[in-house]
Amino acid sequence: MIAMEVLYYPGCSLRNTYPEFEKSTYEICGKLGIELVEIPEWSCCGVVPSLATDNVMRHLGAVRSLINAQEKGREIGTNVVTILCSMCYNVLKRVNLILKEEPDMLENVNNFIDDQPNYVPELRVIHFLTLLKEIGFEKLEEKAKKSLENLKVAPYYGCALLRPNRPEGVSIDNPDNPVLIESLVRSLGADPVHFPFKGECCGNYHIVLEPGIVEMRTRKIISSAKSEKADLILSPCPLCTYNLGHGNERLDKSEQVPVVFFTQLLALALGAKSYLPTEIEDQILKKIGGKKSD
Amino acid sequence: MATIYIMGKAYRVPNTLTIMKAIEYVGYRFIRSCGCRGGFCGACTTFYRVKNNYKLHVDLACQKRVEDGMYIVQLPFIPAEKPKWELDKMKPTTDEVIRVFPEITRCLSCNVCTQACPQDIEVMRAIQALRRGDLQDAVNLTFDCISCGACSIRCPAEITQYQVFQLTRRLYGKYETTPAKHLMERVKEIEEGSFHDEVSKLIDMDVEELKELYKKREIEK
């Protein structure tokens, strides 16, 4: 067991729309000895980071959550915040970087927020995938109960985990050819397929007003995975999952590829509750059949 | 004595008075912005600043004592249309609340709503609880809301928080709490006409008789 406490920011979409993402993560953490300490009274991250460099107002939700994290972190002795939703990760990571790099902005924000302690930008905001990587994928291999051999997966990254790239920046891996999720699933015995569309945008919030754009984009992504005979697309993002699901619905049954959260597959491999739909879990078990190691 | 400024004009008033009493002391007569005088109804919402402080304060005029150098104005009415909802057709979820009040998602987390609340409710925290999907937290945080509307006047996202909380509490009350037994019994009694005769007697009584009865009424101990 690793036995560590990490601050955890859930996010609204995940909490309200995709509880299986969060629940399967708690299962994984239980198996690995990671205790997720939910940031008290976290606010909505703001959904999209403001692109105007002086727009402090748009970042207040993120800053308030970081302040709450900072206070809780001092209590339990950690400065690491982990996030599951890739949109929330993108926003909080970027806001944290701005506050680290721009003293004027930090002072501005701290002056405005006069009802909470000042933010001292010492928190480290990392995606849950980065946390797993730092713990070491070999630890996952040790803990795995089921080998995922014979399972072909298409690891999807989307935009928010990869862009914008800058040194020590937002991207969790090489933004042009990320291989982090590939390494993760390989350590569990699965076979990541060649997936050139893994960093392609799913269409994002166009789903609201121009769903046609999402359909066009997700068709490319899904058929790329299909042409490599992927059994599953692994998603790290509630919105991408929603959009890819929408794309699947517009395709013939024979062209569809089921989309699951990477944490669900990982939970299954660790012998924990995966919160996968029964039908998909059965398909996976059939595929890896007879490989149950325990 | 204290000097206060009512809509810009200076007055000397005893500093033991509430804002409401002070306004009456200098000669105004309330025809609105005055309700229960007991801190419950939210009609006398008053905005003020004090000298050498940038903060805009909100309090109930009937509850807050005057301070030297107060600049005071009362809001007679909060402009907001109450959206229609049908509780019977709704589910007790935060999504339903957001469907009626989509502007909730515009919350910037600036927290001026909380700072404006004369009841010390954590208004922003309750709005964020709704975003987080936690209906119960929002209900518990806003039980003391008197719907004065000060939060909604200050909100840069133009949310009418007090209306949001009313819907939140009603949804929760209808679907998530057990009905109070004594209340159900009383409603049944009313529907069966148990109090009909007594009410008719009062209606038919002449004014003097009614006044006498009022004076002799049993007062709750």
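Only a predicted model underlies this, so the values are computations on that prediction, with no experimental measurement involved. (Residues numbered from 1 in each chain as written. Chains lettered and ligands numbered in written order. Predicted model: local features only at pLDDT ≥ 70, side-chain atom pairs only at ≥ 80, totals over all residues.)

A. Expanded view of the domain arrangement of chain B. Domain annotation for chain B reports domain 1 (2-74), domain 2 (87-175) and domain 3 (183-212). Its C-alpha centre places domain 1 of chain B at a distance of 39 Å from the equivalent point of domain 3 of chain B. (Domains from an automatic or database assignment.)

B. Representation of the domain arrangement of chain A within the structure. Residue and element names in this part refer to chain A. By domain assignment, chain A separates into domain 1 (4-128) and domain 2 (136-287). The C-alpha centroid of domain 2 is placed 24 Å from the C-alpha centroid of domain 1. Of the residues lining the interface, 23 residues belong to domain 1; the matching set on domain 2 comes to 23 residues. At the level of secondary structure, the elements contributing two or more residues to the side of domain 1 that touches domain 2 comprise α1 (12-16), α2 (19-32) and α4 (86-101). Considering every element that reaches the side of domain 1 that touches domain 2, the biggest residue donor is α2, with 10 residues. Tallied by class, the residues present in the side of domain 1 that touches domain 2 amount to 9 nonpolar, 8 polar and 6 charged. (Contact = placed C-beta atoms within 7 Å. Helix = DSSP H or I, 4+ residues; strand = E, 2+ residues; numbered from the N terminus. Nonpolar A, V, L, I, M, F, W, Y, C, P; charged D, E, K, R; others polar.)

C. Geometry of the nonpolar core. Counting 124 residues, the largest nonpolar core has A:I83, A:L92, A:A154, A:I233 and A:L234 as the members making the most contacts within it. Per-element accounting of this core gives the leading share, 8 residues, to α4(A). Apart from the residues within four sequence positions on either side, A:I233 is in contact with A:A154, A:Y156, A:A225, A:L244, A:V257 and A:V259. Core analysis: the second largest hydrophobic core is formed by 15 residues, B:I4, B:C44, B:C62 and B:I72 among them. (Core = buried A, V, L, I, M, F, W, Y, C linked by C-beta atoms within 7 Å. Buried ≥ 20, exposed ≤ 12 C-beta atoms within 10 Å, placed from the backbone.)

D. Summary view of the packing of helix α10 (residues 211-227) of chain A against helix α11 (residues 238-249) of chain A. All names here are of chain A. Close contact between α10 and α11 brings their axes to 8 Å; oriented N to C, the two are set at 85 degrees. By the criterion of interaxial angle, the relationship of α10 to α11 is roughly perpendicular. For the pair formed by α10 and α11, the contact residues are P211, V214, E215, T218, R219, I221 and I222 on the first element and N243, L244, H246, G247 and N248 on the second. A breakdown of the residues in the contact of α10 with α11 according to their chemical character gives 5 nonpolar, 5 polar and 2 charged. (Axes fitted to C-alpha atoms, helices over the stretch in contact; angles between N-to-C directions. Parallel < 35°, antiparallel > 145°, perpendicular 65-115°, else oblique.)

E. Region of interest: the interface of chain A and chain B. Across the contact, 12 residues belong to chain A and 12 residues belong to chain B. If you list the elements that add at least two residues to the side of chain A that touches chain B, you get α1 and α3 (60-76) of chain A. Split by residue class, the side of chain A that touches chain B holds 4 nonpolar, 3 polar and 5 charged.

F. Seen up close, the environment of B:G69. Residue and element names in this part refer to chain B. Relative to the elements of secondary structure, G69 occurs in the loop between β4 (57-60) and β5 (70-74). Sequence spacing of G69 and Y48 is 21 residues, and the spatial spacing of their C-alpha atoms is 9.9 Å. The residues contacting G69, other than those within four sequence positions of it, are T3, V50 and K51.

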